[in-house]
Amino acid sequence: MQRWGMVIDLDKCTACGACVVACQSENNIPPSNPEKYAEGRSIQWMTLLPWFLEGEYPNVNFRVLPRPCMQCEHPPCVKVCPVGATYFSKETGIVGQIYGRCIGCRYCTTACPYTVRYFNWREPEWPEEMKNYLNKDVSVRPKGVVEKCTFCHHRLIRAKEQVKDEGRELLPGDYVPACVESCPASAMFFGDLENPKSVVSELARSARAFRLLEDLGTHPKVVYLAEKR
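K.L.:
Which residues make up the pairing of strand E3 (residues 59-67), and what values go with them?
P.N.:
Examined bridge by bridge, strand E2 (residues 47-56) and E3 share nine bridges and lie antiparallel to one another. Residue pairing across strands places Leu-49 opposite Leu-65, the latter belonging to E3. Between E2 and E3, which pair antiparallel and follow one another directly, the connecting turn spans two residues.

Structure, rendered in structure tokens:
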């Protein structure tokens, strides 16, 4: 049994947005135009949440919080889904989504305190020149379903198949989500929280570590490291 988790060091994060772009490209998330943003109907599994702002223009100190799905140990979204479209994997600790079951009732979006679930209001569309770059390992979600970050679960499946062919166990670095892999500042860490010797497990026990809305009892597996300054 493994509990895949992520640690984000806010002292290293430069708010470049590379994780957002990598997530969108890896998971076939359709681009959103200004009109969709104005309607509140854009889709971004990874977002940069503004959380600190001081000073006046042009001398502004601005900080953001990268926010994927928190992959809660006690996910409220799973408890309210009437058709079992969203589920918690005891084997991986990942909250997954079965799009073929989803009926679009959006109970899960209401139950999620982190607002990281998105309802697909329209049939996904891409510019013609981008259609050849869609990831064949990830399904294209149709109109009327709820979608979310899954820690690039398809990469875990691919990694397990590879290590099985090679006759070895899964090692650190075999499975890494696109957002973590793309971070140029190395501000994001990923691994097994059950392994006390893993980097993420050690960082999660740091004095700087905190979780979003931890008092709700959801037990997120995304941990943040507070800035040192």
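K.L.:
Can you explain the nonpolar core? Please cite residues and give values.
P.N.:
The biggest cluster of nonpolar side chains holds 46 residues, and the ones touching the most others in it are Met-6, Trp-45, Phe-151, Tyr-175, Met-188 and Tyr-224. For this core, the secondary-structure elements that each account for two or more residues are strand E1 (4-9), helix H1 (18-26), E3, strand E6 (118-119), helix H5 (153-166), helix H6 (178-182), strand E8 (188-192) and strand E10 (222-225). Core analysis: the second largest hydrophobic core is formed by six residues, Val-7, Val-200, Ala-204 and Leu-225 among them.

K.L.:
Give a detailed account of the sheet that holds E10, specifying residues and quantitative values.
P.N.:
In spatial order, the strands read E8-E1-E10-E9; together these four strands make up an open sheet with mixed pairing. Both outer strands of the open sheet, E8 and strand E9 (209-210), are each paired with one neighbouring strand and no more. Two elements, E9 and E10, share two bridges in a ladder whose sense is antiparallel. Paired with Ala-209 across the bridge in E10 is Leu-225.

K.L.:
So what's going on with unusual backbone geometry? Residues and values would help.
P.N.:
One non-glycine residue, Thr-115, lies in the positive phi region at around 50°. Locating Thr-115 in the fold gives a position in the loop between helix H4 (107-111) and E6. Thr-115 gets classed as partly exposed once you look at its relative accessible area, which sits at 46%.

K.L.:
So what about the pattern of salt bridges? Which residues, and what values?
P.N.:
Tallied over the full model, the rule gives 14 salt bridges. Lys-221 serves as the salt-bridge partner of Glu-73, at 3.0 Å between the closest nitrogen and oxygen. Separated by 148 residues along the polypeptide, Glu-73 in the loop between E3 and helix H3 (76-80) and Lys-221 in the loop between E9 and E10 bring together distant segments of the chain. Using a relative accessible area of 22% as the deciding quantity, one classes Glu-73 as partly exposed. Across the pair Arg-141 and Glu-147 runs a salt bridge, and its minimum N-O distance is 3.1 Å. Each member of the pair, Arg-141 as well as Glu-147, carries the same accessibility label: buried.

K.L.:
Residue-level account of a nonpolar patch on the surface, with values.
P.N.:
A grouping of Leu-53, Tyr-57, Val-60 and Phe-62 is seen on the molecular surface, where their side chains present a nonpolar patch of about 500 Å² in accessible area. For Leu-53, the position within the fold is in strand E2. Residue Leu-53 is classed as exposed on the basis of its relative accessible area of 59%.

K.L.:
Describe the packing of aromatic side chains, listing the residues and the values that go with them.
P.N.:
Within this structure, the stated rule accounts for six aromatic pairs. A centroid spacing of 5.7 Å and a plane angle of 5° characterise the contact between Trp-4 and Phe-190, whose relative ring orientation is stacked. Separated by 186 residues along the polypeptide, Trp-4 in strand E1 and Phe-190 in strand E8 bring together distant segments of the chain. Feature note: the residues Trp-4, Phe-151, Tyr-175 and Phe-190 constitute an aromatic cluster, connected by ring pairs. Sitting above the plane of the Trp-121 ring, Arg-41 keeps its charged end 3.8 Å from the centroid. Between Arg-141 and the ring centre of Tyr-99, over which it is positioned, the NZ or CZ distance is 5.9 Å.

K.L.:
Run through the environment of Arg-41, naming residues and quoting values.
P.N.:
Turning to its location among the elements, Arg-41 is positioned in the loop between helix H2 (34-39) and E2. Taking the C-alpha atoms as reference, Arg-41 lies 7.8 Å from Asn-120; in sequence the two are 79 residues apart. Beyond its immediate sequence surroundings of up to four residues, Arg-41 is in contact with Lys-36, Trp-121 and Arg-122.

Reading the values: rules and limits
Residues numbered from 1 in each chain as written. Predicted model: local features only at pLDDT ≥ 70, side-chain atom pairs only at ≥ 80, totals over all residues. Heavy atoms only, no water. Pairing = 2+ DSSP bridges. Helix = DSSP H or I, 4+ residues; strand = E, 2+ residues; numbered from the N terminus. Core = buried A, V, L, I, M, F, W, Y, C linked by side-chain atoms within 4.5 Å. Buried < 20%, exposed > 50% of the residue type's maximum accessible area, 1.4 Å probe, protein only. Salt bridge = Lys/Arg side-chain N within 4 Å of Asp/Glu carboxyl O. Patch = residues over 30% accessible without salt bridge, like charges linked within 9 Å, V, L, I, M, F, W, Y side chains within 5 Å. Areas by Shrake-Rupley, 256 points an atom, 1.4 Å probe, with all protein chains shown as cover. Phe/Tyr/Trp six-rings, centres within 6.5 Å; stacked < 30°, edge-to-face > 60°. Lys NZ or Arg CZ within 6 Å of the ring centre and 35° of its normal. Contact = heavy atoms within 4.5 Å.

Limitation: the analysis is restricted to geometry and does not speak to function.
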